[in-house]
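# Coordinate inspection notes
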Amino acid sequence: MKLMEELAPKGLQGVYVDKTEIATTDSTGNLVYRGYRVVEIADRLSFEEIAYLLVYSRLPNREETDEFRKFLIENSKLPGYVVKIISAMKGMNIMDILRTSVSALTVSGRDEKSLLSLAAKFPAIVNLAGDGPDPDKAPTGSFSERFYYFMTGRDDQKNAGLLEKILIMYMEHEFNASTFALRVTASTLADPACAFTSALATLKGPLHGGANSEVLKFLLGLKSQDEVRRYVDDTLAKKEKLMGFGHRVYKDRDPRAQYIKGLLLRYFSDREVVRNAVFMEEYVWEKKNLAANVDFYGALYMYLLGIDEKYYLPVFACSRVFGWVAHYIEQQSNNKLIRPLALYTGKKDQKI
Ligand code: COA
């Protein structure tokens, strides 16, 4: 084996580490799922159709979509011992409960259905962990109607339809940190619950999924354009990160952020916080050439849909898990253990 003599860039920035047929992004602001531009299919297809597309590499017909929807509902039931784990952890961070519960679920199969039966349990875990309403009284319609009810206790088709849009935006993003962690774990031939646990642990960090709940902490407190300017100037002067801005791949525009921004302007343009957010996006671009990412507008969008902040990252997880299913399958289909090298720069020839 020939060793690469050069050290890969820090953070593997700009390095292709494998091939994928699931999704692609580019720096000009495109996100494509299995050949379809996400911003186009989000207007025309349901969450279930797009999840099916990611997992099975083709769009379902109506019958298959109905079956898929039914499958997700039927497989959402949690085993009694997981209910006990969740009860024992009540009041803790929902992502910690989700990660712990998923790691406790055993899945023997490695086929699409086994993986999907695990994914189907995510919203039910979030519902119970968040002390949500009785899941048996949930609407039996779409994934997003049920999920919206799980978090708010409301059977509201309009808001559920709007939630569906952000779920679609969050569903898949090629080799982002959590998916890469999942693929590393899958490459050891560990079972799906192990791989999903790795992914969930990685998603929680504020440089990845955790950014969305950080955004509201400052955005709601900014009451005017002057306050926005001051906040941005102070944060940058202190060399701190502006949460919800910047991206490893999208340097000019994050298509998901722009899509959600469009919905905010369409449905909530009368809200001052929306106008301030748009101003902040423009100001940050002017000052530092950083584009707003999906978490910036996503957090505000979920807030205006009446979703409690404790659910923001779990919403991301319950959607992204369908991308993880596709990646687990793809990793298995052409597996090689992911095991890179580290260039040793430590001390040499030490003597006791
Ligand atoms: N706020 C302030 N400065 C930022 C920034 C942010 N959100 N994101 C990047 N920068 C700055 C860096 O400090 C660096 O500045 P410098 O050249 O003066 O040192 C420059 O922009 C390049 O950033 P870099 O850290 O190399 O980009 P990256 O590709 O490694 O990081 C993120 C990508 C997402 C980790 C980074 O943009 C970030 O931390 N954003 C905030 C967290 C967030 O919103 N995450 C969700 C992503 S969807």
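Here, every reference points to the structure presented above.
Quick look at the structure, then. Since the structure is predicted, the reported quantities are computational estimates derived from the model, not experimental observations. (Residues numbered from 1 in each chain as written. Predicted model: local features only at pLDDT ≥ 70, side-chain atom pairs only at ≥ 80, totals over all residues. Heavy atoms only, no water.)

## Here we look at a nonpolar patch on the surface
- Taken together, Leu 12, Val 15 and Val 17 make up a surface patch of nonpolar side chains, about 200 Å² in accessible area.
- Position of Leu 12 relative to the elements: it lies in the segment before strand E1 (23-26).
- According to the relative accessible area criterion, Leu 12 is partly exposed, its value standing at 37%. (Patch = residues over 30% accessible without salt bridge, like charges linked within 9 Å, V, L, I, M, F, W, Y side chains within 5 Å. Areas by Shrake-Rupley, 256 points an atom, 1.4 Å probe, with all protein chains shown as cover. Salt bridge = Lys/Arg side-chain N within 4 Å of Asp/Glu carboxyl O. Helix = DSSP H or I, 4+ residues; strand = E, 2+ residues; numbered from the N terminus. Buried < 20%, exposed > 50% of the residue type's maximum accessible area, 1.4 Å probe, protein only.)

## A look at the pairing of E1
- Side chains Ala 23 and Thr 25 project from E1 onto a buried face, and the interleaved Thr 24 and Asp 26 project onto a face without burial.
- For E1 and strand E2 (residues 30-33), the ladder comprises four bridges, and the chain directions are antiparallel. Within E2, the position partnered with Thr 24 by the bridge is Val 32. (Pairing = 2+ DSSP bridges.)

## Digging into unusual backbone geometry
- For Leu 12, which is not glycine, the phi dihedral falls at a positive 55°.
- Backbone geometry at Arg 34 places phi at a positive 45°, although glycine is not the residue there.
- Locating Arg 34 in the fold gives a position in the loop between E2 and strand E3 (36-37).

## What to know about the pattern of salt bridges
- Tallied over the entire structure, the rule returns 14 salt bridges.
- Across the salt bridge formed by Lys 90 and Asp 131, the nearest N and O atoms sit 3.8 Å from each other. Here the residue Lys 90 occupies a position in the loop between helix H4 (80-88) and helix H5 (94-104), and Asp 131 occupies one in the loop between helix H7 (122-129) and helix H8 (143-152), the gap between them amounting to 41 residues.
- By relative accessible area, which is 36% here, Lys 90 ends up partly exposed.
- Residue Asp 131 is classed as exposed on the basis of its relative accessible area of 60%.
- Between Glu 214 and Lys 217 there is a salt bridge, and its shortest N-O distance comes to 3.1 Å. Taken as a pair, Glu 214 and Lys 217 lie in helix H12 (residues 211-219) at a separation of three residues, close to a single helical turn.
- Take Glu 214: its relative accessible area is 27%, and that puts it in the partly exposed class.

## Quick notes on the site of the ligand
- Taken together, 19 residues form the shell around the ligand, and within it Leu 242, Gly 244, Phe 245, Arg 248 and Asn 293 come nearest.
- Phe 245 places a polar main-chain atom, nitrogen or oxygen, 2.8 Å from a nitrogen atom of the ligand.
- Within the side chain of Asn 293, one N or O atom sits 2.9 Å away from an oxygen atom of the ligand.
- Of the residues belonging to the shell around the ligand, the class tally is eight nonpolar, five polar and six charged. (Near = heavy atom within 4 Å. Polar contact = N/O pair within 3.5 Å; in protein donor to acceptor, adjacent residues only side chain to side chain. Nonpolar A, V, L, I, M, F, W, Y, C, P; charged D, E, K, R; others polar.)

## Some details on helix H11 (residues 192-203)
- With 12 residues, H11 should reach 16 Å at 1.5 Å per residue; the first-to-last C-alpha distance of 16 Å fits that figure.
- All of the buried residues along H11 are Pro 192, Ala 193, Ala 195, Phe 196, Thr 197, Ala 199, Leu 200 and Leu 203.
- Elements in contact with the buried residues of H11: H5, helix H6 (112-119), H7, helix H10 (177-187) and helix H17 (312-333).
- Capping the start of H11, Asp 191 holds a side-chain oxygen 3.0 Å from the backbone nitrogen of Ala 193, two or three residues further along. (Expected span 1.5 Å × (residues − 1). Contact = heavy atoms within 4.5 Å.)

## Notes on the nonpolar core
- If you look at the biggest cluster of nonpolar residues, it comprises 115 residues, and the most contacted ones within it are Phe 147, Leu 163, Phe 196, Met 280, Phe 296 and Phe 322.
- By residue number, the principal contributor to this core is H17, which donates 13 residues. (Core = buried A, V, L, I, M, F, W, Y, C linked by side-chain atoms within 4.5 Å.)

Remember that the coordinates give geometry; whether it matters functionally is a separate question.
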